[in-house]
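In case you want the letters, here they are:
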Amino acid sequence: MPSRVPLGQIVSSSSMLVLGIETSCDETGVALFELLGSNGAWSSGLLAQALHSQVQMHAEYGGVVPELASRDHIRRVLPVTRQVLAAAGRRVDDLDGIAYTQGPGLAGALLVGAGIANGLAYALAIPAVGIHHLEGHLLSPLLSVDPPAFPFVALLVSGGHTQLMRVAGVGRYELLGETVDDAAGEAFDKTAQLLGLGYPGGPAVSRLAERGRRDRFKLPRPMLNSGDLNFSFSGLKTAVLTLARQQTLDEQSCADIALAFQEAMVDVLTAKSLAALEQTGLDSLVVAGGVGANQQLRDELSTVAEENGHRVYYPEPSLCTDNGAMIAFAGALRLVHGQPSREAVRGFTVQARWDLDALPPA
Ligand code: KG4
Ligand code: ZN
């Protein structure tokens, strides 16, 4: 998937081959990314990627079991890495750097990727760079064939986060608003649970909503008129619970509730994104994170943005949810800007909680 990336002023001129390792939650994602430079212009390519999903393993518990997640990452990460190198026809000695998800996420799961990345990097005498998982998500639309240019507004909607950011460049993130309680993905997952759809909930709710009847139920749009760019979804979850208790949950009622929930969610995310574009005076909106795969959200955002003279950029659908490519890519951008230095100290940490706007600029 070759693409041109708006990297700004990058002065180095050699190529850089970066392995990316994502193990923050329930996917072992690995990818190989190459930046190629000539005369100050850079093109880039995702050479190979592979993903092992733990969804089936966790499904019988109704959610992610952290200890099982860590153990499965240990089993998978090296075979998946070998698979990616073989698919790209490269050897481990060809690597110029290794990027790994340093946080936020499950501490044990993060430690697996961090340990493997730092161990390999030490053995190969190449740099390892810890990447913020959400930075991976929000830079992932730059991997598409028609990438946005900085600055843009990013709507980050994942299982653990719901944030609006002003993105001026790599590592130049200003928080505009965020959820005060549940994340959007979490609300999808809880709604799915209430409707007996299992885990993970987002795709299941979205599929069921396709058969829902519009206007049968109307759910609240929390904080729609709060005058700021914050979100709240715990009240919406309670409203779904109350509605579900009042109904006989046959298939049609579940579909109607799923649609009412999704419409409320999409309305709030769309209105706040539009307000963020207006407040910042920017024209481009980037949508990233698992909930960004939601088709109704994409349709609504694109329509409303277009009506108001804005443009929305999405990652390739396969790059919306967790993957190694976004980590390899963010790592390549940070390494090419000289972070960390080759003399970097060989200790490493993970950060289960980590604010995106605390990152240093590249
Ligand atoms: O970004 P992601 O893969 O992992 C985190 O960083 O959290 O996001 C996972 C979240 C889950 O809550 C999942 O239910 C939700 O994204 N999700 C969706 C869809 N696909 C995944 N939510 C709504 N519609 C979808 N199609
Ligand atoms: Zn994620």
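To start, this report covers the structure provided alongside it.

What counts and what doesn't
- Residues numbered from 1 in each chain as written.
- Chains lettered and ligands numbered in written order.
- Predicted model: local features only at pLDDT ≥ 70, side-chain atom pairs only at ≥ 80, totals over all residues.
- Heavy atoms only, no water.
- Helix = DSSP H or I, 4+ residues; strand = E, 2+ residues; numbered from the N terminus.
- Rg over C-alpha atoms; globule rule 2.2 N^0.38 Å.
- Buried < 20%, exposed > 50% of the residue type's maximum accessible area, 1.4 Å probe, protein only.
- Contact = heavy atoms within 4.5 Å.
- Areas by Shrake-Rupley, 256 points an atom, 1.4 Å probe, with all protein chains shown as cover.
- Lys, Arg positive; Asp, Glu negative; His and termini not counted.
- Charge placed at Lys NZ, Arg CZ, Asp CG, Glu CD.
- Near = heavy atom within 4 Å.
- Polar contact = N/O pair within 3.5 Å; in protein donor to acceptor, adjacent residues only side chain to side chain.

Regarding the overall build of the protein
The secondary structure content of the protein amounts to ten helices and eleven strands. The C-alpha radius of gyration computed for the protein amounts to 20 Å, which stays within 12% of the reference 21 Å derived for 362 residues, consistent with globular compactness. Across its three principal axes, the protein shows a C-alpha extent of roughly 60 × 45 × 30 Å. Within the protein, buried positions represent 53% of all 362 residues. Of all intrachain contacts in the protein linking residues separated by at least 6 positions in sequence, the fraction that spans at least 24 positions is 75%. By element, 49% of the accessible surface of the protein is carried by carbon and sulfur atoms, the whole surface being about 15100 Å². Each charge class in the protein can be summarised by its mean position, and for the 26 positive and 37 negative side chains these summaries are 3 Å apart.

With respect to the site of ligand 1
Contacts to ligand 1 come from 18 residues, most closely from His 137, Gly 159, Asp 189, Gly 202 and Gly 290. Between ligand 1 and His 137, the relevant distance is 3.0 Å, taken from an oxygen atom to a side-chain nitrogen or oxygen of the residue. In the model, an oxygen atom of ligand 1 is placed 3.2 Å from a nitrogen or oxygen of the Asp 322 main chain. Here ligand 1 loses 87% of its free accessible area of 550 Å² to cover by the protein chains. Only α4 (133-139), α5 (184-194) and α6 (201-209) provide two or more residues apiece to the shell around ligand 1.

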